[in-house]
Amino acid sequence: LPYSRVELDAFRASMEGITERIRNAACTADILNAREDYLRLYSEYHTMSALAYMRYSVNTADEFYSAENDYYDEAGPAVHSLIADYAAALLDSPFRAELERELSPLLFRSMELQRKAISPVIVDDMVEENRLISEYSKLMAGMEFDFHGEKLPRPALLGYLKDSDRTTRREAMECLGTTLEKNSAELDRIFDALVHVRDRMAKKLGYDNFIELGYCRMNRLCYGRQEVAEFRQNVLRDIVPAVSALRTENAKRMGIEDYKLYDNEVLIPGGDPRPCGKDGIFAAAREMYHAMSQETGEFIDMMLENEAFDVDSRKNKWGGGYCTEFVKYRQPFILANFDGTAGDVDVVTHEAGHALNAWLIADNRFALELDCGGMETAETHSMSMEFFAWPYMDKFFGEDAGRYEFMHLLDALSFLPYGTIVDDFQRQVYENPDWTPEERKAAWRKLEAEFRPHITFDGIPYLEEGTRWQYQMHIYETPFYYIDYCLAQTAALQFLLESRKDYAEAFARYVRFLSQGGEKVFTDLLEEAGLRSPFQAGALQAVAQESEALLRQLEAKLDQP
C-alpha cells in the first residue's frame, strides 16, 4: 500500500481552515460540507500514521519506519489538539441542535469527552508520553532470552509456558524473570516517568489524578469509575471463588498440588492441544469462514489474498498482537507472533473478529469518527468470534477439538480475575503517582493474593517480587484499556451460551451487534442482543454458574475413553 508522510504544517493549515469555516458558517449545510472535508483529511492522516506504525512494528529496527513512527509520536498530539479545536467548534456551534438531529447525538457525546481529554497545554506532555511508550516498546521488542541454547524473543519464550513438561515451564519462567530483572532499572524508570507525565497532564486539565483523564481518553460513553468499581466487586464475589476452585481442581487432575505461576497456562493433562501449524491454520480459517456465511467467506478471502497477516515471531518485531486498519484503502491488517500453541488459532478468530468488524462498518456514517464505539464493544467482537468458531475447531485441532473447547472456556473464565487485577493495579498506581517501585510491586502482590489466591509466585526469580505487570504491555502503553477485555468477556461468554441453544440465531444477533459501529453504546447493544449488562446485579453470578455447568459437560467428555 502506498505510504506518504502527512506533513504537520499542511495538515494544520487545512484543519484551521475547516474549523474556521464551521465557526463562520451561515447554515447547517455549510458545516456539513466542512465536515466532509475533515473526513477526507483525517482519513489520509489516520491511514498514513497506521501504515507507519505497522511497518515499524513488524521491524522496530527499520530505520526509515522507526523514524516515521517517531515523527507521528511527535506530530500526533498536535494533530489531536487541532481535531479537538474542530470538535469544539461543532460543540459550540449555534446550529448544534440541528447538527445533532442531522448527524448523531452519540457523536457529540464523544466529542465532549475529547474536549475533556486534550488541550494545547498538554501537547508537549503527550509528545513525551509517546516517546516513553516507544522506548518501552523497543526495549521489549529487542529483549532476547537465552533458553535451552537459543536466543528467543519474548513471545517465543512464552510459548514454552504451554509445554506439557513442568520442568520446561519452570525453566522458561525462570528465564523470563532473570532477563526481566537484568532490565529492571529501565522498566522501573520508564514506568515511573509515564506515571508522572500522565499525572502532570491530568492536573494541568484540572483533574485530581490521571484516572478521570484516562477514562475520557478511552471514550467511555455509557459507564464510569463507579460502574467499573462495582464490576470489580462482582468479579471478586462471583467469579474468583468459582475460578479458584476450578483451577485448583484441574491442577490436581494434572498431578499439581503446589500451583505455581508457570502452571497457569496449561489446562489439560498431558499438555494443551497443539494446532495444525501455520499453513494448516490459514487453510482451516478459510474453510471455517466460508462455512459460517457468505460475507465472512468474502472477508477471509480478501484478508488472505491481500497478505493482511504478519504472524511470524522474530527479533525486533513488536511482541504483542493487534488488528489495525488502513481506512483509505478499506483494508484491515493483523499482526501476531505465532508460537505453536493454541493461541495461534486465536489470531484467526479473535483478531479476525476485529478485522471483520472494520470491514463491515467501512461504510457506516460515523465509522471514522466513532469507529465501532468503545473498546469494550470492539473486544466483544473479537472474543465472541473465538466462541462462534467452536463448531469448526476440528479443522484446527482434529480429534483434540473437545480438549481445546474445555481449555478455551476455562481460560476465558479465568481471565476475568486477572484482567481485573490489571485494572485495579492501574487505579491504585494513578491514585498514588509518587509510589516507589517497591510500593507498586507490593500492590500487585496483594491484588494477586486477592483475585488469584490459588497461584503462588514463590521461588520464581524477580517475578516473586510482584513484577508480573511489567510485561503486560497495556499497562505501559494504553492505560485503563484492560478492563474492556473483561467487560467484553462477559458478553462473549453469554454469546457462547446462547450459541449452544441456537447457533444460527445467536450468530445473527452477533453479526447485528458487529455491524453497528458507532451507532449505539455498549449497554444498548447488549440489550438489543438479549445479553445481560456486566454492571447488572447478579449478571456475573449467572455467567459463572452457566459457564461452570458447561465446563463440567466438556470435562466429562474429556474423561471418556
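Above: the structure in question.
Residues numbered from 1 in each chain as written. Predicted model: local features only at pLDDT ≥ 70, side-chain atom pairs only at ≥ 80, totals over all residues. Heavy atoms only, no water.

Asker: Looking at this model, I keep getting lost on unusual backbone geometry. Mind explaining?
Answerer: Excluding glycine, residues mostly have negative phi values, and the peptide bonds linking residues are mostly trans. Look at asparagine 316: it is not a glycine, yet its phi comes out positive at around 75°. For asparagine 316, the position within the fold is in the loop between strand E3 (309-310) and strand E4 (322-326). (Helix = DSSP H or I, 4+ residues; strand = E, 2+ residues; numbered from the N terminus.)

Asker: Before we go on, may I ask you to explain the side chain of glutamine 428 in this structure?
Answerer: Assignment of secondary structure puts glutamine 428 in helix H18 (residues 401-431). We classify glutamine 428 as buried; its relative accessible area is 18%. Residue contacts for glutamine 428: discarding those within four places in its chain leaves Trp435, Ala443 and Leu447. (Buried < 20%, exposed > 50% of the residue type's maximum accessible area, 1.4 Å probe, protein only. Contact = heavy atoms within 4.5 Å.)

Asker: What's the story with the packing of helix H11 (residues 225-253) against helix H24 (residues 539-558) in this structure? I'm lost.
Answerer: Between two packed helices, both the angle of their axes relative to each other and the distance between the axes serve to describe the pair. H24 packs onto H11 with a crossing angle of 15° between their chain directions and a minimal axis gap of 9 Å. As judged from the angle between their axes, H11 and H24 are roughly parallel. Where H11 crosses over H24, the handedness of that crossing is right-handed. From H11, Phe231, Asn234, Val235, Asp238, Ile239, Ala242, Leu246, Glu249 and Arg253 reach across to H24, where they touch Leu540, Gln541, Ala544, Glu548, Leu551, Arg552, Glu555 and Leu558. Looking at the contact of H11 with H24 residue by residue, the class counts come to nine nonpolar, two polar and six charged. (Axes fitted to C-alpha atoms, helices over the stretch in contact; angles between N-to-C directions. Parallel < 35°, antiparallel > 145°, perpendicular 65-115°, else oblique. Left-handed = near helix turned anticlockwise from the far one by under 90°. Nonpolar A, V, L, I, M, F, W, Y, C, P; charged D, E, K, R; others polar.)

Asker: Whenever I open this one, the nonpolar core confuses me. Can you help?
Answerer: Membership of the largest hydrophobic core comes to 203 residues, with the highest contact counts inside it found for Met173, Leu180, Met292, Phe396 and Leu463. Among the elements that line this core, the one with the most residues is H18, at 16 residues. (Core = buried A, V, L, I, M, F, W, Y, C linked by side-chain atoms within 4.5 Å.)

Asker: How should the pairing of strand E2 (residues 150-153) be read in this particular structure?
Answerer: The two faces of the sheet receive side chains in turn, since in a regular strand these alternate between them. Here strand E1 (residues 144-147) runs beside E2; their pairing, made up of four bridges, is antiparallel. By the bridge assignment for E2, phenylalanine 147 is matched with glutamate 150. Between E1 and E2, which pair antiparallel and follow one another directly, the connecting turn spans two residues, one of which, histidine 148, has a positive phi of 50°. (Pairing = 2+ DSSP bridges.)

Asker: Hey, could you run me through the packing of aromatic side chains in this one?
Answerer: Note on aromatic pairs: each is described by the distance of the centres and the angle between the planes. Evaluated as defined, the whole model comprises 47 aromatic pairs. Relative to phenylalanine 309, the ring of phenylalanine 282 has its centre 4.9 Å away and its plane inclined at 65°; by these criteria the two rings are edge-to-face. Of this pair, phenylalanine 282 sits in helix H12 (residues 278-292) while phenylalanine 309 sits in strand E3, placing them 27 residues apart in sequence. Residue class for phenylalanine 282 comes out buried when judged on its relative accessible area of 13%. With 5.1 Å between their ring centres and 40° between their planes, phenylalanine 425 and tryptophan 469 make a pair best called tilted. Residue phenylalanine 425 is found in helix H18, and its partner tryptophan 469 is found in the loop between helix H19 (437-451) and helix H20 (473-477); the two are separated by 44 residues along the sequence. The exposure class assigned to tryptophan 469 is buried, which follows from its relative accessible area of 1%. Members of the aromatic cluster, connected to one another through ring pairs, are Tyr136, Phe191, Phe415, Tyr418, Phe425, Trp444, Trp469, Tyr476, Tyr481, Tyr482 and Tyr485. Its guanidinium or amino end placed over the ring of tyrosine 71, arginine 5 lies 4.0 Å from that ring's centre, counting from NZ or CZ. (Phe/Tyr/Trp six-rings, centres within 6.5 Å; stacked < 30°, edge-to-face > 60°. Lys NZ or Arg CZ within 6 Å of the ring centre and 35° of its normal.)

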